[in-house]
Amino acid sequence: MNELLTGAITGILFGFIMQKAQVIRYDRQLGALRLRDMTIVKFMLMTILVAMVGIYLLFDLGLVKLSIKPLILGGNILGGMIFGIGWGIVGYCPATAMGALGEGRYDAAFGLLGMILGAGIFAEFYPFLKSTVLTWGNFGKVTLPTILGINHWFVIVVLCAAFIGLFVWFEKKEL
């Protein structure tokens, strides 16, 4: 029950932050898809930075255990294409659709219903996918630091610098 409560509180806080950052607005979604408004991209970059630093700090302190998922290119490419097409059609990704629905934008409900339908279709086809697409390009449980053979903090520092540089560039270009 504690995990459910933690998840609910975290979800509500994340939704509040998304609403305040205006990333659940349809015009922002459309602007991101057309590469004309990088508000959502900047939000995602900052979210990744905070999560990356926080998770590895907790890992180094021994407070969490990492559960590395295998890198399977077939699944990632197919899933990414389906995700991108769905985002382009509906105008929301899963998190922003929930936030938009919470604001009373009922058009997001169609996207959420599509996601539920897609999850059901995936579940039905999983046995087939498991023996085909989910075997293509299976590199196992790898991370960038393990591939490079370096400490994870070096990768984090480099990514932080790159993301902040990209963020600054977006600001200068007023994207």
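Rules and cut-offs
Residues numbered from 1 in each chain as written. Predicted model: local features only at pLDDT ≥ 70, side-chain atom pairs only at ≥ 80, totals over all residues. Heavy atoms only, no water. Helix = DSSP H or I, 4+ residues; strand = E, 2+ residues; numbered from the N terminus. Buried < 20%, exposed > 50% of the residue type's maximum accessible area, 1.4 Å probe, protein only. Contact = heavy atoms within 4.5 Å. Areas by Shrake-Rupley, 256 points an atom, 1.4 Å probe, with all protein chains shown as cover. Lys, Arg positive; Asp, Glu negative; His and termini not counted. Charge placed at Lys NZ, Arg CZ, Asp CG, Glu CD. Expected span 1.5 Å × (residues − 1). Core = buried A, V, L, I, M, F, W, Y, C linked by side-chain atoms within 4.5 Å. Polar contact = N/O pair within 3.5 Å; in protein donor to acceptor, adjacent residues only side chain to side chain. pLDDT = per-residue confidence, 0-100. Phe/Tyr/Trp six-rings, centres within 6.5 Å; stacked < 30°, edge-to-face > 60°. Lys NZ or Arg CZ within 6 Å of the ring centre and 35° of its normal.

Right, let's talk about the overall build of the protein chain for a bit. When helices and strands are tallied, the protein chain shows eight helices and zero strands. Counting helices and strands in the order they occur from the N terminus, the protein chain gives α-α-α-α-α-α-α-α. When its C-alpha atoms are laid out on the principal axes, the protein chain stretches across 45 × 45 × 40 Å. When each of the 175 residues of the protein chain is scored for burial, the buried share is 23%. Summarising the internal contacts of the protein chain: among those between residues at least 6 apart in sequence, 66% fall at separations of at least 24. On the protein chain, roughly 12,100 Å² of surface is accessible, and the fraction owed to carbon and sulfur atoms is 73%. Side-chain charges in the protein chain split into 13 positive and 9 negative, and the spacing between the mean points of these groups amounts to 5 Å.

On to helix α1 (residues 2–20). When the terminal C-alpha atoms of α1 are compared, their 27 Å separation across 19 residues agrees well with the 27 Å that a helix rising 1.5 Å per residue should span. Positive backbone phi, at 65 degrees, marks Gln-22, one or two positions downstream of α1.

Here we come to the nonpolar core. In a soluble, globular protein the nonpolar side chains are often hidden away together inside. Among the nonpolar cores identified, the biggest contains nine residues, and these are Met-38, Leu-45, Leu-49, Met-52, Tyr-56, Ile-156, Cys-160, Phe-163 and Phe-170. For this core, the elements supplying multiple residues, two or more each, are α3 (39–60) and α8 (152–172). The contact partners of Phe-163, leaving out residues within four places of it in the chain, are Leu-45, Ile-48 and Leu-49.

Structurally, His-152 is set in helix α8. Engagement of the side chain of His-152 in a polar contact is seen with the side chain of Asp-60, the distance being 3.1 Å. Apart from residues lying up to four places away in sequence, His-152 is in contact with Tyr-56, Phe-59, Asp-60 and Pro-145.

The next subject is the side chain of Lys-42. Summarising the element assignment, Lys-42 is placed in helix α3. Its relative accessible area of 10% is what places Lys-42 among the buried residues. Only 2.4 Å separates the side chain of Lys-42 from the side chain of Glu-171, close enough to count as a polar contact. Excluding anything up to four places from it in sequence, Lys-42 contacts Phe-167, Phe-170, Glu-171 and Leu-175.

Put simply, the protein chain has an average pLDDT of 92, and 100% of its residues get 70 or more. Element-level pLDDT for the protein chain is lowest in helix α2 (residues 26–33), with a mean of 87, against a maximum mean of 94 in α8.

Relative to the helices and strands, Gly-140 is located in the loop between α6 (107–131) and α7 (144–148). Classification of Gly-140 by relative accessible area gives partly exposed; the value is 22%. Here the alpha-carbon distance between Gly-140 and Ile-40, two residues 100 residues apart in the chain, equals 31 Å. In contact with Gly-140, not counting residues within four places along its chain, are Lys-69, Pro-70 and Leu-71.

Structurally, Leu-73 is set in helix α4 (residues 73–90). Once you skip the residues sitting within four places of it in the chain, Leu-73 turns out to touch Trp-136, Gly-137 and Phe-139.

All right, on to the packing of aromatic side chains then. On inspection of all chains with the given rule, the structure shows six aromatic pairs. Seen from the ring of Phe-167, Lys-42 lies directly overhead, with NZ or CZ sitting 5.7 Å from the centre.

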